[in-house]
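Each chain, letter by letter, is given below.
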Amino acid sequence: MNDNEPDKKEWEQSVCHTLAEGEMERIDPGEAAVDRLIPKYEIRIKAEKDPIAEETRIIRNMAEEIDGRYDEYMKS
């Protein structure tokens, strides 16, 4: 017999007890439906600088593009 046998049985009994007599989580369907709703309002903050353009500018200083796919974007 293994030394782990009693620990394993105790652990299984603990799990069985918790599953059988433990407190069950109750979810109110109405509250769950409200939580899944898309918010009615959205907050947007206008940025002074475009973070994508700033990051692209930094990357372009470190490396050169093979094609000019971001040239038009950077002009605007």
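Everything numeric here is computed off the predicted structure, so don't read it as measured data.

Thoughts on the overall build of the protein chain
A tally of regular secondary structure across the protein chain gives four helices and zero strands. The buried share of the protein chain, taken over its 76 residues, is 5%. As displayed, the protein chain offers around 8,400 Å² of accessible surface, 54% of which is attributable to carbon and sulfur atoms.

Details of the pattern of salt bridges
In the structure shown here, the tally under the stated rule is two salt bridges. Its salt-bridge partner being E42, residue R44 comes within 2.7 Å of it at the nearest N-O pair. Each member of the pair R44 and E42 is classed as exposed. The shortest N-O distance in the salt bridge between R57 and E54 comes to 2.9 Å. You can see R57 and its partner E54 sitting in helix α3 (residues 51–62), three residues apart, about one turn around the helix. Classification of R57 as partly exposed rests on a relative accessible area of 40%.

Notes on a nonpolar patch on the surface
A contiguous nonpolar surface patch, about 360 Å² in accessible area, is contributed by W11, V15 and L19. Inspection of the secondary structure assignment puts W11 in helix α1 (residues 4–21). A relative accessible area of 58% places W11 in the exposed class.

With respect to α3
An ideal rise of 1.5 Å per residue puts 16 Å on twelve residues; α3 measures up with 17 Å between its terminal C-alpha atoms. Between the side-chain oxygen of the N-cap and the backbone nitrogen of I52 there are 3.2 Å, and the N-cap of α3 in question is D50.

Some words on the side chain of T56
The topology assignment puts T56 in helix α3. The class for T56 is buried, based on a relative accessible area of 15%. Of the polar contacts made by the side chain of T56, one reaches the backbone oxygen of I52; its length is 2.7 Å.

A closer look at the confidence of the model for the protein chain
Note that predicted coordinates carrying low pLDDT should not be read in detail. Taken as a whole, the protein chain shows an average pLDDT of 79; of its residues, 84% reach a score of 70 or greater. Across the protein chain, the element-wise mean pLDDT spans from 71 in helix α4 (residues 71–75) up to 85 in α3.

Section: the environment of D50
By the element assignment, D50 lies in the loop between α2 (29–36) and α3. Within the structure, D50 has its side chain in polar contact with the backbone nitrogen of I52 (distance 3.2 Å).

Calculation criteria
Residues numbered from 1 in each chain as written. Predicted model: local features only at pLDDT ≥ 70, side-chain atom pairs only at ≥ 80, totals over all residues. Heavy atoms only, no water. Helix = DSSP H or I, 4+ residues; strand = E, 2+ residues; numbered from the N terminus. Buried < 20%, exposed > 50% of the residue type's maximum accessible area, 1.4 Å probe, protein only. Areas by Shrake-Rupley, 256 points an atom, 1.4 Å probe, with all protein chains shown as cover. Salt bridge = Lys/Arg side-chain N within 4 Å of Asp/Glu carboxyl O. Patch = residues over 30% accessible without salt bridge, like charges linked within 9 Å, V, L, I, M, F, W, Y side chains within 5 Å. Expected span 1.5 Å × (residues − 1). Polar contact = N/O pair within 3.5 Å; in protein donor to acceptor, adjacent residues only side chain to side chain. pLDDT = per-residue confidence, 0-100.

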